[in-house]
Structures are given as structure tokens and as C-alpha cells.
2 protein chains.
Amino acid sequence: MKKKSDRLPPNERRSQLIEATLICLMREGASGLSSRKICAQAQVSVGLLNYHFSSQEELVAIAYEEISRRYHEALKAHIDADTKNQNMPIKTLVSCAFEADIMSPDQLRAWVVFWSKTIDSKLMRATHGRINQRLQNYLIQVLAKSLPNSNVDLQVLAIEYSALTDGLWLDWSLNGEHQSSQLWQTILNQWLHRTLMLA
Amino acid sequence: MKKKSDRLPPNERRSQLIEATLICLMREGASGLSSRKICAQAQVSVGLLNYHFSSQEELVAIAYEEISRRYHEALKAHIDADTKNQNMPIKTLVSCAFEADIMSPDQLRAWVVFWSKTIDSKLMRATHGRINQRLQNYLIQVLAKSLPNSNVDLQVLAIEYSALTDGLWLDWSLNGEHQSSQLWQTILNQWLHRTLMLA
DNA sequence: AATAGTATTGTACGGTCGTTCAATAACGCC
DNA sequence: GGCGTTATTGAACGACCGTACAATACTATT
């Protein structure tokens, strides 16, 4: 029963610990944020965490970047794959807003933890600022392509859209429980319909 | 330096502990949720908490009801006081959405904690359901008075409005830092303007 | 094969956590 | 004044927390 080597190059080990962090946060929410639980999830001893990360705060900030990166990539993947709406990508965005890879209650469990940490920690606030800027820029691009001849303020529209989706996710995740996302999807569809009419 | 009696009837002591809980949560966010910190804030010994509340979970659920009740009352107060918009109360709602008594970053600090607990705890989920239902009903009333001849689905509109304000609060509180709420207020104003045009 | 360097382990430390409970102090009532 | 009743105290308990660190196991180089 000899174990093969369980040593990994630092980058891979770090990725594994980040992945374990996201799994714990999505599974348990705030109570999943524990060095011991994260290391157990990664099947690694407690001490290793502080060898690869200077503190839990740093790990959480990096995990926040990672979940945001995945979210961003998932959005791009949906938009790039929807060949019918290449010149109206906001439609794609709206129609996939509640797909499992974009947003699920599990994911929100993790996001809420990140938000609550953002309030307390300077490092997290800086991280959140960067993340938010990147996502907002991408959203503005999407809106610019969708509304080429409109004179509405795209930044304002982008902030409104992301606020609306955040709020709908919250509502869906906290109230919906086992329900489908049907109702919340309808709300988003109607918002888009109105916005396109007036833009 | 004799102390006057520091005994209180149970109801008053309970209120005081609930108040202390809200203060701690608004001041420190998640890390303020500690029996010891709450009792220190109330200038009371640790043991007393479990004399008046069976567990911290119960205290938090009741505090959630309380902050929601205050929020509800603050909304009503604004609407009742705005004599110019008695038949268009949604305008009042929008214009006071970022007033300090309605929503401030401090308040959001507490709400985020309640949301994160709602994910984990059955008791909190039940509480959240009740709170949400009450607020939604009130919002529907407000919308019904504001749009008497409209045939839009008021429940859908109510959910959209509360999701939008939740999202804007989040964005404002996490990004805005020391900024004014000007930008976020503008977004909400424009949303109302569009909604009224089409309703 | 010996060595230097690096990744990993597990224990230990000091703290804080929520909760329990015997002791105590203040109260209303006779 | 004496006496149940009830509110309050603070120490104690066991659990978990993040982190530090000496010891160990693995890898690469010579």
C-alpha cells in the first residue's frame, strides 16, 4: 500500500488549496471558512496552508479573485457560444443568468462570505475593487455592442444590471430554496425588454 | 458610588440585548456576532444572554426581525410624511432609498450577516421568509397606489424593485466606501422614470 | 551515495467561541 | 423582617480557531 509521491509543485498545490477553499465556502458558507476544513478538503495537513499562503486572509482574497475569474469566463463562454446573438450579447447574458455555471445558490453561499469579508478587510476591499472594475468593463463592452446607437450612459446601465442580477440572485437563493428560477428569470427578461425599447 | 438597581423586567432586558446585537453587527459585521461582545455592549455579564434567549441563533433571528421591522417603519414614516406624493408613494420610496435611516453601509454590514446566516440555519430561513413576505406585501401596496390603472404584475415589479435596491446597496457599500450615494441614486431614479413611462 | 534544498507533517500555543451552572443579589409578597 | 421567586453574575468547560515551528520526507544535484 505504498503511496505514490504526494508532493506537488507550489503552483499546483496553491491551486488545489484555492479550489478546496471554494468548495468549502460553497458547501457550508461562512462556517466552511476554516483552515482545518479547507486542508481536510484538500487532503493535506494544517500546516501546509501557511507555507503556501502568508495568512488565511490572503488565501480568501485569492479565492475571491478565482471565483470571479471563473464567473467572468463563464459569461464569455456563453456569449461566444451563442452565435445567434453576436450583435446583441446582452440577450445572451440575460438568458443564461440563472444557469448553474453562472449562478447557483451554492455559488451565492461563497459570494456572500466574500462580501462580508470585504466589509472588514482592507486587502479584501482592494480585491473587490479590482474584480468589480473588470466585470463592469466587460459588461460595458457587452452593452456597447448591444446598443451601438444608443446615447444612454453605459456605465450607469452596467451598474444597474449587475445590481439587479446580484439582488435577484440573493432573493432567489434565500427565498427560492428548491424552487426553479423561473420567476426571477422572467423579471430579468422583462427588464431587458423595457431597456431595449427605450435605449 | 452605589449603583442604582440594574435589574430590568425581561422584556426590557431582551430589547436591550437585541439593540446591542444590532449595534455590534452594524459596527463590526460578522466578527461582531459574539455573545461576549454583545453582552459587553449591553454592559451585562455573559451568562445573561442564555437566560433570556435559548441560544445565539434565536437571538440573531429575533434581531433580524427587529432590523426588518425598523426598516419597514422607516419606509412608512417617509411615505406618510411626504404629503406631496400621497398618490405616488413609489416616488417617495425611491427618493429616500439612500437616506441614512433607510440604508447605510453600517446597516448593510448587519444585513449581510443575516443573509449569510439565512443560508445555514433553518430558523433563520423561516424568519427571512416571514420578513420578506411582509416587505413584499407592503411594496405591492405602494405600487398599487402608485399605478392604479396599470396592468403590470405588481408582484413581479415589487421583487424587481427590492432586488434592485438590494443590489445597489451592496454595490454602494462595498465599492463606494466614502463616496456619496449620488451615482446609485441616479440609477434608481432612472429606473423609476422608465418604469412609470411604461406602466 | 551524500548533500543541499524544498515541500509536508503534526503538534503545540494562545485565544475566542457558545453554553452551562452554582452562587448571589434584588425583587414582590406576607 | 423574612421568604420564595427571579434576574444576574462570573468562572469553568470543551470545542474550535489561525498560526508557528521543529521534525520529517521527498527531490534534485553532485
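Conventions used here
- Residues numbered from 1 in each chain as written.
- Chains lettered and ligands numbered in written order.
- Predicted model: local features only at pLDDT ≥ 70, side-chain atom pairs only at ≥ 80, totals over all residues.
- Heavy atoms only, no water.
- Helix = DSSP H or I, 4+ residues; strand = E, 2+ residues; numbered from the N terminus.
- Buried < 20%, exposed > 50% of the residue type's maximum accessible area, 1.4 Å probe, protein only.
- Contact = heavy atoms within 4.5 Å.
- Areas by Shrake-Rupley, 256 points an atom, 1.4 Å probe, with all protein chains shown as cover.
- Lys, Arg positive; Asp, Glu negative; His and termini not counted.
- Charge placed at Lys NZ, Arg CZ, Asp CG, Glu CD.
- Salt bridge = Lys/Arg side-chain N within 4 Å of Asp/Glu carboxyl O.
- Phe/Tyr/Trp six-rings, centres within 6.5 Å; stacked < 30°, edge-to-face > 60°.
- Domains from an automatic or database assignment.
- Buried area = accessible area lost by both parts, 1.4 Å probe.

Turning next to the overall build of chain A. Counting its secondary structure elements, chain A contains nine helices and zero strands. Helices and strands appear in chain A in the N-to-C order α-α-α-α-α-α-α-α-α. Seen along its three principal axes, the alpha-carbon backbone of chain A occupies a region of about 65 × 35 × 30 Å. The 199 residues of chain A split such that 49% are buried. Summarising the internal contacts of chain A: among those between residues at least 6 apart in sequence, 64% fall at separations of at least 24. A total of about 10000 Å² of accessible surface is found on chain A, and carbon and sulfur atoms cover 50% of it. One finds the centroid of the 22 positive side-chain charges in chain A at a distance of 7 Å from the centroid of its 20 negative side-chain charges.

This part covers the pattern of salt bridges. Residues and elements named next belong to chain A. Tallying each qualifying case throughout the model produces 18 salt bridges over all chains. Across the salt bridge formed by K37 and E28, the nearest N and O atoms sit 3.0 Å from each other. In this structure K37 comes out as partly exposed when scored by relative accessible area, which is 34%. Judged by its relative accessible area of 23%, E28 is partly exposed. Close ionic contact of R69 with E66 constitutes a salt bridge, the shortest N to O distance being 2.9 Å. Of the two residues, R69 and E66 are both situated in helix α4 (residues 56-81); the distance of three residues between them amounts to about one turn of the helix.

Turning to the packing of aromatic side chains, a few remarks are in order. All names here are of chain A. Taken as a whole and judged by the stated rule, the model has twelve aromatic pairs over all chains. Geometrically, the ring pair formed by Y161 and W191 is tilted, given 5.5 Å between the ring centres and 45° between the ring planes. Separated by 30 residues along the polypeptide, Y161 in helix α8 (residues 154-176) and W191 in helix α9 (residues 182-198) bring together distant segments of the chain. As far as burial versus exposure is concerned, Y161 and W191 are alike and both buried.

Moving on, we get to the domain arrangement of chain A. Residue and element names in this part refer to chain A. Segmenting chain A into domains produces domain 1 (8-53) and domain 2 (61-198). Each of domain 1 and domain 2 has a C-alpha centre, and these two points are 27 Å apart. Contacts between the two partners involve 13 residues from domain 1 and, on the opposite side, twelve residues from domain 2. The junction of domain 1 with domain 2 conceals about 950 Å² of combined surface from both sides, 78% of it contributed by carbon and sulfur atoms. Contact with domain 2 buries surface across domain 1, with L22, L25 and M26 losing the most and accounting together for 52% of the total. Our count for the contact surface shared by domain 1 and domain 2 stands at one salt bridge.

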